[in-house]
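Examining the three-dimensional arrangement
This is what each chain is made of:
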Amino acid sequence: MKAFDDMKRHLVIALDPSYAALGWARVFADGQPEVIASGAMSYSHRKAKAEEKFPGIIRDFGQILDEWLSLYEAQQYTVAIEHSWHGKNAATASKLAELRGGLLAVALCANCKILRVTPREWQVASDIPMRADRAMVKRMSRAIALRRTGKLAMSEDEADAINIGVCAAGVVRIGDLA
């Protein structure tokens, strides 16, 4: 087993894409997961069709990802993205799957590893009860993200991205120790 000081630096970039915003978090996976930064990119022209706004989002993510990767001296990079949820609206789920695919293609082109995290996985990792309804999950996700970052104001997408990142950091850390 490797000592923590000898472990490679591993940066996790967590993404929570939704129809209105892209929540993101940057987390170091060394030892205890450390949330470095987080935020959400709101999409302009919220009422615009997906095929009009998603190409710009993917392009912007590619530029931002290049900037983020140049900021840190990590030896490994993983992009963790929330795995598709199955909502009632099949058309929306399909469009979000296209957005996720574009974001993952950008990450692969930047030589990042990919990790898909289901909502249930990050909720369990964050100690959110299995039977929690959607409203409770939202409240608890924000409360847990607040505890991890100290940020009072954050969107639902940002809070989810933070929790996805911490969950993913635990997964990649276990892989690094193996």
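A short tour of the structure in this document, coming up. Model, not experiment: these values are computed from the prediction. (Residues numbered from 1 in each chain as written. Predicted model: local features only at pLDDT ≥ 70, side-chain atom pairs only at ≥ 80, totals over all residues. Heavy atoms only, no water.)

Points about the overall build of the protein
Put simply, the test is: Numbering of helices and strands runs from the N terminus, with a helix taken as a DSSP run of H or I at least four residues long and a strand as a DSSP run of E at least two residues long. Between buried and exposed lies partly exposed: a residue is buried under 20% and exposed over 50% of the maximum accessible area for its type, with that area taken using a 1.4 Å probe on protein chains only. By definition in these notes, contact holds between two residues if any of their heavy atoms fall within 4.5 Å.
Helix and strand content of the protein: five helices and five strands. For the protein, the sequential pattern of α-helices and β-strands runs β-β-β-α-β-α-β-α-α-α. Taking all 178 residues of the protein together, 48% fall into the buried category. For the protein, contacts bridging at least 24 residues in sequence account for 60% of all contacts bridging at least 6.

Focus on the sheet that holds strand β4 (residues 76-82)
Let me state the cut-off plainly: Pairing between two strands requires that DSSP report at least two bridges joining them. Only the stretch in contact is used when a helix axis is fitted, and all axes are lines through C-alpha atoms; the angle between N-to-C directions ranges over 0 to 180 degrees.
The strand order across the open sheet built from five strands is β3-β2-β1-β4-β5, with neighbouring strands paired in mixed fashion. The open sheet has two free edges, formed respectively by β3 (34-42) and β5 (113-117), since each of these has just one partner strand. Adjacent strand axes in the sheet meet at a mean angle of 20° when their direction is disregarded. Across seven bridges, the pairing between strand β1 (residues 10-17) and strand β2 (residues 21-28) is antiparallel. Counted as the bridge partner of D16 is G23 from β2.

Notes on the pairing of β1
Of all eight residues in β1, eight are buried, a share of seventy percent or more. The alternating pattern of β1 places H10, V12, A14 and D16 on one face and L11, I13, L15 and P17 on the opposite face, and all of these are buried. Sheet analysis places β1 next to β4, joined by six bridges and oriented parallel. Following the sheet pairing, A14 is matched in β4 by A80. Counting the residues between successive antiparallel strands, the hairpin from β1 to β2 contains three residues.

Details of the pattern of salt bridges
Note on pairing: side chains with opposite charge can pair once their charged atoms come close. The test is simple: Here, a salt bridge means any side-chain nitrogen of Lys or Arg that lies within 4 Å of a carboxyl oxygen of Asp or Glu.
This model, assessed by the stated rule, comprises three salt bridges. In this structure, K138 and E156 form a salt bridge, with 3.6 Å as the shortest nitrogen-oxygen distance. Residue K138 is located in helix α4 (residues 134-149), and its partner E156 is located in helix α5 (residues 156-177); the two are separated by 18 residues in the primary sequence. The residue K151 makes a salt bridge to E158 at a minimum N-O spacing of 2.5 Å.

Overview of unusual backbone geometry
Although it is not a glycine, N111 adopts a positive phi angle of roughly 65°. If you trace the backbone, N111 turns up in the loop between α2 (90-109) and β5.

Describing the pairing of β2
Taken residue by residue, a regular strand's side chains alternate between the two faces of the sheet. For β2, a buried count of eight out of eight residues is recorded, marking the element as mostly surrounded by other parts of the structure. Bridge analysis of β2 against β3 gives eight bridges, and the strand direction is antiparallel. For L22, the partnering residue across the bridge sits in β3 and is M41. Following β2, the chain reverses through five residues before pairing antiparallel with β3; G31 in that reversal takes a positive phi of roughly 60°.

Regarding the nonpolar core
The condition is simple: Put simply, buried Ala, Val, Leu, Ile, Met, Phe, Trp, Tyr and Cys residues joined by side-chain atoms within 4.5 Å make one nonpolar core.
In this structure, I13, L15 and F61 are the most contacted members of the largest nonpolar core, which totals 28 residues. Of all the elements in the fold, those that place two or more residues in this core are β1, β2, β3, α1 (50-71), β4 and α2. Per-element accounting of this core gives the leading share, seven residues, to α1. Setting aside residues up to four positions removed in sequence, F61 forms contacts with L15, L22, W68, L103 and V106. Core analysis: the second largest hydrophobic core is formed by 25 residues, V12, V117, I128 and V172 among them.

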